[in-house]
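Spelled out, the chains give:
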Amino acid sequence: MADGRQKAHACLMIIAWMIFVPIAIIIARYMRFLLKSRHLCGTSVWLAIHRTLMILVPVFSVTAFLIILANLDWNWVSPSRTLSFIHSIFGIIAIFLSLFQVLIAYLRPRYSPGLRKIYNIVHRFVGILSLALATIAIFLAVFIKDMRLGTVGWGTMIGYVIYLLVIPIPFELIYYFFQVRRGIFMFFLNSNINSAII
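Residues numbered from 1 in each chain as written. Predicted model: local features only at pLDDT ≥ 70, side-chain atom pairs only at ≥ 80, totals over all residues. Heavy atoms only, no water.

(A) Expanded view of the pattern of salt bridges. Counted according to the given criterion, the structure contains one salt bridge. Across the pair Arg-29 and Glu-172 runs a salt bridge, and its minimum N-O distance is 3.0 Å. Of this pair, Arg-29 sits in helix 1 (residues 4-34) while Glu-172 sits in helix 6 (residues 168-197), and the two are 143 residues apart along the sequence. (Salt bridge = Lys/Arg side-chain N within 4 Å of Asp/Glu carboxyl O. Helix = DSSP H or I, 4+ residues; strand = E, 2+ residues; numbered from the N terminus.)

(B) Region of the structure containing the layout of surface pockets. Computed from the structure, the largest pocket encloses a volume of approximately 940 Å³. If you go around the largest pocket, you meet 34 residues; those closest to its centre are Ala-28, Arg-32, Trp-46, His-50 and His-123. Mapped by element, the contributors of at least two residues to the lining of the largest pocket are helix 1, helix 2 (45-71), helix 3 (82-106), helix 4 (113-143) and helix 6. Across the lining of the largest pocket, the residue classes break down as 17 nonpolar, eight polar and nine charged. Approximately 780 Å³ is the volume found for the second largest pocket. His-9, His-87, Ala-141, Ile-144 and Met-147 are, among the 40 residues lining the second largest pocket, the residues nearest its centre. Elements with a minimum of two residues in the lining of the second largest pocket: helix 1, helix 2, helix 3, helix 4 and helix 5 (150-166). (1 Å grid on protein atoms, 1.4 Å probe; cavity = no way out; pocket = protein on both sides within 12 Å on 5 of 7 lines; lining within 4 Å. Points joined across faces, edges and corners; volume = space filled by probe spheres on them. Nonpolar A, V, L, I, M, F, W, Y, C, P; charged D, E, K, R; others polar.)

(C) Local environment of helix 3. The terminal C-alpha atoms of helix 3 lie 37 Å apart, and with 25 residues this matches the ideal 36 Å at 1.5 Å per residue to within 8%. Turning to helix 3, its buried residues are Ser-84, His-87, Ser-88, Gly-91, Ala-94, Ile-95, Leu-97, Ser-98, Gln-101 and Ile-104. In this fold, the buried residues of helix 3 make contact with helix 1, helix 2 and helix 4. (Expected span 1.5 Å × (residues − 1). Buried < 20%, exposed > 50% of the residue type's maximum accessible area, 1.4 Å probe, protein only. Contact = heavy atoms within 4.5 Å.)

(D) Structural detail: the packing of aromatic side chains. Summed over all chains, the structure comprises six aromatic pairs. Here Phe-20 and Phe-60 contribute two aromatic rings whose centre-to-centre distance is 5.2 Å and whose plane-to-plane angle is 65°, an arrangement assigned as edge-to-face. Taken as a pair, Phe-20 in helix 1 and Phe-60 in helix 2 lie far apart in primary sequence, 40 residues in all. (Phe/Tyr/Trp six-rings, centres within 6.5 Å; stacked < 30°, edge-to-face > 60°.)

(E) How the structure looks around the nonpolar core. Judged by nonpolar contacts, the single largest core of 27 residues is most densely connected at Trp-17, Trp-46, Val-57 and Met-157. Of all the elements in the fold, those that place two or more residues in this core are helix 1, helix 2, helix 3, helix 4 and helix 5. The leading source of residues in this core is helix 1, at eleven residues. Ignoring anything within four residues of it in the chain, the contact list for Trp-46 reads Ile-27, Ala-28, Met-31, Arg-32 and Leu-35. (Core = buried A, V, L, I, M, F, W, Y, C linked by side-chain atoms within 4.5 Å.)

(F) Layout of the packing of helix 1 against helix 3. For the pair helix 1 and helix 3, the least separation of the axes is 13 Å and the interaxial angle reads 45°. Relative to helix 3, the element helix 1 is oriented oblique. When you trace helix 1 past helix 3, the crossing you get is left-handed. Where helix 1 abuts helix 3, its residues His-9, Met-13 and Trp-17 lie against His-87, Ala-94, Ile-95 and Ser-98. (Axes fitted to C-alpha atoms, helices over the stretch in contact; angles between N-to-C directions. Parallel < 35°, antiparallel > 145°, perpendicular 65-115°, else oblique. Left-handed = near helix turned anticlockwise from the far one by under 90°.)

Take a look at the structure:
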C-alpha cells in the first residue's frame, strides 16, 4: 500500500500537472481576449493568473520530487524497478522543463517582435512537451503496483484525458465567435471610414 509520502507526492503532482497547468493554458489561450482591459498590479489579469499558476507548478513539483526522494532514502529509483524508473525519468524531465519555462518567462523579450515570435514558439513548445511528459509520467504511476490505485487511478486518468479533449471545445467556439464578430465589426468599421473618406 502507498504510504503517506507516496500519496503526498502523487497529490502534489496531480494538483500541479492536472489542475494548475491546464487552467493556466486555458487562461493564456482564451482569457487573454476576454480580460484584455482588466489589470491587477499593473499586469493584465489573465497574465497574472497564468504566471502565478505556472510558478506554482515547479514549486509543487520540486516539493513532490523531494518528498519521494526522501521516501527512497535519498536514492534514485533502481532501474531494476523498470516502471518506476521510467516514471521517474519522464517526471524529472517534466520538472526540469517547468523550471526552464519559469526562467525563460523572466527573460521574455518585450520590445523585439522578431525575438518575441521565437520566444512564443519556444514557450509553447516547451509547455506542451512538459505537459505531455508529465501526463505520461502520471499514466505510468497508475501502473505502479505499490500505489495500488486500480480503478480509481484509471478513472482519474480517463477523466483527465476527456477533460483535456472536451474543455477546449466550448472555449474554441467562444474564441471563434468573438474573433469573427470582432473581424466583421472591424471590416464594417473600415468600410465606413473608407467610404466616408471617398
